[in-house]
Protein chains: 2
Amino acid sequence: MTVSATEVARRVLLFEQALRSEGFRVSHQRLEVACEIARSDSHPDVETIYRGVRERIPTISLDTVYRTLGELERLGLIGRVIATPGPARYDSNQAPHHHFVCQRCGLIRDLYGECLDSISAPDQTAPVGRVEGVEVRFHGVCHECTRKEPRHE
Amino acid sequence: MTVSATEVARRVLLFEQALRSEGFRVSHQRLEVACEIARSDSHPDVETIYRGVRERIPTISLDTVYRTLGELERLGLIGRVIATPGPARYDSNQAPHHHFVCQRCGLIRDLYGECLDSISAPDQTAPVGRVEGVEVRFHGVCHECTRKEPRHE
DNA sequence: GTTACTGCAAACTTTTTGCACGACA
DNA sequence: TGTCGTGCAAAAAGTTTGCAGTAAC
């Protein structure tokens, strides 16, 4: 929850413009879902986004949240982070970045580094397919989890 | 399905030894599941492993496959590959490696490269947690999918 | 006033769990 | 022979879909 207010506003405006230009209607449900995901940098899952939006729209349904997230993903406005088992998690940070994943609690933290963005694929990759992007994932244990349970094998 | 026979034998023996040393019983169901995952390098999902094992043990149940894969994972003998949405996929390749993931069909190919193994985390990571490993994931479209549907936007 | 969107409910997929029978040690 | 593992079935978790009323344009 440390995304700046101006960045949130910028992202929500982008969502709204994209919806309009694609012929989608701009409902307040969609705007609130967009706002909820835009303001978070903790890669929330669908249930968490649902709870957040429900504070402002108590009648919104979980399936609307699912549908909206699916639309935003198809429009390329948010990304699905596939890094932990269980529920799908989303990321509204569309700048190239990498991740640290805590193997105990599932915390995901964005990392930046040009040297990581520019890693090129080994030669073995060429016969398999065309590379379009790279993501480096560091896994380990976050300090919070280490503090709670230092010896865990 | 290009894992050499000796490598499969080596992995299955390792499974068996680990089961015994941990006090687990060596049932033929467990051995067949272990064999099925050991012989594959295509990161099969549970359903695929289930179908494979059923050719040799037609009465095996899906939940036994789930349980066995969970045990093997907890013993550190196989890894769960979290790279595609949907069913969990497993990997019996425990050597350090990286992945190419096709965004259309979900194909996953192992990649090797010492320079990838030794990537160090950016300084921003230190305050977050202790890094234990790194995996580089290249995503794109495999040649097979490009051939089938060249223009896909 | 249309037409797309929402909420509800039900279905579907993937995974987990409880229990009694059967198999490993 | 005792205990663990298996298969069956049911439940739980996560996600998708059909439909009728509602809201955006």
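Every value quoted in this text rests on a predicted model; they were computed, and no experiment measured them. (Residues numbered from 1 in each chain as written. Chains lettered and ligands numbered in written order. Predicted model: local features only at pLDDT ≥ 70, side-chain atom pairs only at ≥ 80, totals over all residues. Heavy atoms only, no water.)

Peer 1: Quick question: what am I supposed to make of the overall build of chain A here?
Peer 2: Helix and strand content of chain A: 6 helices and 5 strands. From first element to last, N terminus to C terminus, chain A shows the α and β order α-α-α-α-β-β-β-β-α-β-α. Expressed along its principal axes, the backbone C-alpha trace of chain A runs to roughly 45 × 45 × 30 Å. Across the 153 residues of chain A, 46% fall into the buried class. Sequence-distant contacts, at least 24 apart, represent 50% of the contacts inside chain A between residues at least 6 apart. When the accessible area of chain A is evaluated, it comes to approximately 8500 Å², of which 51% is carbon and sulfur surface. (Helix = DSSP H or I, 4+ residues; strand = E, 2+ residues; numbered from the N terminus. Buried < 20%, exposed > 50% of the residue type's maximum accessible area, 1.4 Å probe, protein only. Contact = heavy atoms within 4.5 Å. Areas by Shrake-Rupley, 256 points an atom, 1.4 Å probe, with all protein chains shown as cover.)

Peer 1: What is the right way to read the pairing of strand S3 (residues 98-102) of chain A from this model?
Peer 2: Taken residue by residue, a regular strand's side chains alternate between the two faces of the sheet. Residues and elements named next belong to chain A. Of all 5 residues that make up S3, 5 are buried, and the element is covered over most of its length. Residues of S3 alternate between two faces, with His98, Phe100 and Cys102 on one and His99 and Val101 on the opposite face, all of them buried. Note that S3 and strand S4 (residues 108-111) share 4 bridges and pair antiparallel. Its bridge partner being in S4, Phe100 is matched across the sheet by Arg109. Between the antiparallel neighbours S3 and S4 lie 5 residues, among them Gly106 with a positive phi of about 85 degrees. (Pairing = 2+ DSSP bridges.)

Peer 1: Looking at this model, I keep getting lost on the protein's contact with DNA strand C. Mind explaining?
Peer 2: As a structural note, the neighbourhood of DNA strand C is formed by 19 residues, with Arg25, Ser27, Arg30 and Asp63 of chain A together with Tyr66 of chain B the closest of them. Counting only the atoms of DNA strand C within 4 Å of the protein, the fraction contributed by sugar and phosphate is 63%. Measuring from a phosphate oxygen of DNA strand C, one finds a side-chain N or O atom of Arg30 of chain A at 2.8 Å. Between Thr59 of chain A and DNA strand C, the recorded distance is 3.4 Å, taken from a backbone N or O atom to a phosphate oxygen. Elements with a contribution of two residues or more to the surface near DNA strand C: helix H2 (28-38) and helix H4 (62-74) of chain A together with helix H4 (62-74) of chain B. (Near = heavy atom within 4 Å. Polar contact = N/O pair within 3.5 Å; in protein donor to acceptor, adjacent residues only side chain to side chain.)

Peer 1: Where do I start with the protein's contact with DNA strand D in this structure?
Peer 2: Surveying the vicinity of DNA strand D reveals 19 residues, the closest of which are Tyr66 of chain A together with Ser27, Arg30, Asp63 and Thr64 of chain B. Atoms of DNA strand D within 4 Å of the protein belong to the sugar or the phosphate in 58% of instances, the rest to bases. With respect to DNA strand D, the side chain of Tyr66 of chain A contributes an N or O atom lying 2.6 Å from a phosphate oxygen. In the environment of DNA strand D, a base nitrogen lies 2.9 Å from a nitrogen or oxygen atom belonging to the side chain of Arg67 of chain B. Looking at the surface near DNA strand D, the elements that each hand over two or more residues are H4 of chain A together with helix H2 (28-38) and H4 of chain B. In terms of residue class, the surface near DNA strand D is built from 6 nonpolar, 5 polar and 8 charged. (Nonpolar A, V, L, I, M, F, W, Y, C, P; charged D, E, K, R; others polar.)

Peer 1: Would you take a moment to explain the relation of the copies chain B and chain A for this structure?
Peer 2: Rotating chain B by 180 degrees and moving it 0.0 Å along the rotation axis overlays it on chain A with an RMSD of 0.0 Å. Taken together, the rotation and translation describe the operation of a two-fold axis. Closest approach to the rotation axis among the C-alpha atoms of chain B is made by Val136 of chain B, whose C-alpha sits 2.3 Å away. Interface overlap between copies: 100% of the residues of chain B at the interface are likewise at the interface in chain A, consistent with a symmetric, same-surface contact. (Least-squares fit on C-alpha atoms with pLDDT ≥ 70 in both.)

Peer 1: Even after reading the chapter, I still don't get the pattern of salt bridges, so can you show me in this structure?
Peer 2: Pairs may arise between side chains of opposite charge once their charged atoms sit close together. Inspection of every chain in the model, using the stated rule, returns 22 salt bridges over all chains. Arg130 of chain A is the salt-bridge partner of Glu132 of chain A, the closest N and O atoms lying 2.8 Å from each other. Given a relative accessible area of 45%, Glu132 of chain A falls into the partly exposed group. Residue Arg130 of chain A is classed as partly exposed on the basis of its relative accessible area, which comes to 41%. The closest approach of N and O atoms between Glu135 of chain B and Arg137 of chain B, which form a salt bridge, is 3.3 Å. Accessibility classification places Glu135 of chain B together with Arg137 of chain B in one group, the buried group. (Salt bridge = Lys/Arg side-chain N within 4 Å of Asp/Glu carboxyl O.)

Peer 1: Whenever I open this one, the environment of Leu19 of chain A confuses me. Can you help?
Peer 2: Tracing the chain through its elements places Leu19 of chain A in helix H1 (residues 5-21). Along the chain, Leu19 of chain A and Phe138 of chain A lie 119 residues apart, while their C-alpha atoms are 34 Å from each other.

Peer 1: In this structure, what is going on with the side chain of Ser92 of chain B? I would like to understand it.
Peer 2: Residues and elements named next belong to chain B. By the element assignment, Ser92 lies in the loop between strand S2 (89-91) and strand S3 (98-102). Within polar-contact distance, the side chain of Ser92 engages the side chain of Arg11 at 2.6 Å. One polar contact links the side chain of Ser92 to the main-chain carbonyl oxygen of Ile37, over a distance of 3.1 Å. Setting aside its immediate chain neighbours within four residues, Ser92 contacts Arg11, Ile37, Ala38, Ser40, Leu77 and Ile78.

Peer 1: Explain the pairing of strand S5 (residues 129-142) of chain A to me, please; I cannot follow it from the model alone.
Peer 2: Burial of S5 of chain A is extensive: 10 of the 14 residues sit out of reach of the surface. Pairing analysis gives 4 bridges linking S3 of chain A to S5 of chain A, with the strands arranged parallel. Within the sheet, the bridge partner assigned to Val101 of chain A lies in S5 of chain A and is His139 of chain A. In terms of strand pairing, S5 of chain A meets strand S5 (residues 129-142) of chain B through 13 bridges, oriented antiparallel. In the strand pairing of S5 of chain B, Gly129 of chain A is matched with Cys142 of chain B.

Shape descriptors only; they carry no functional weight alone.
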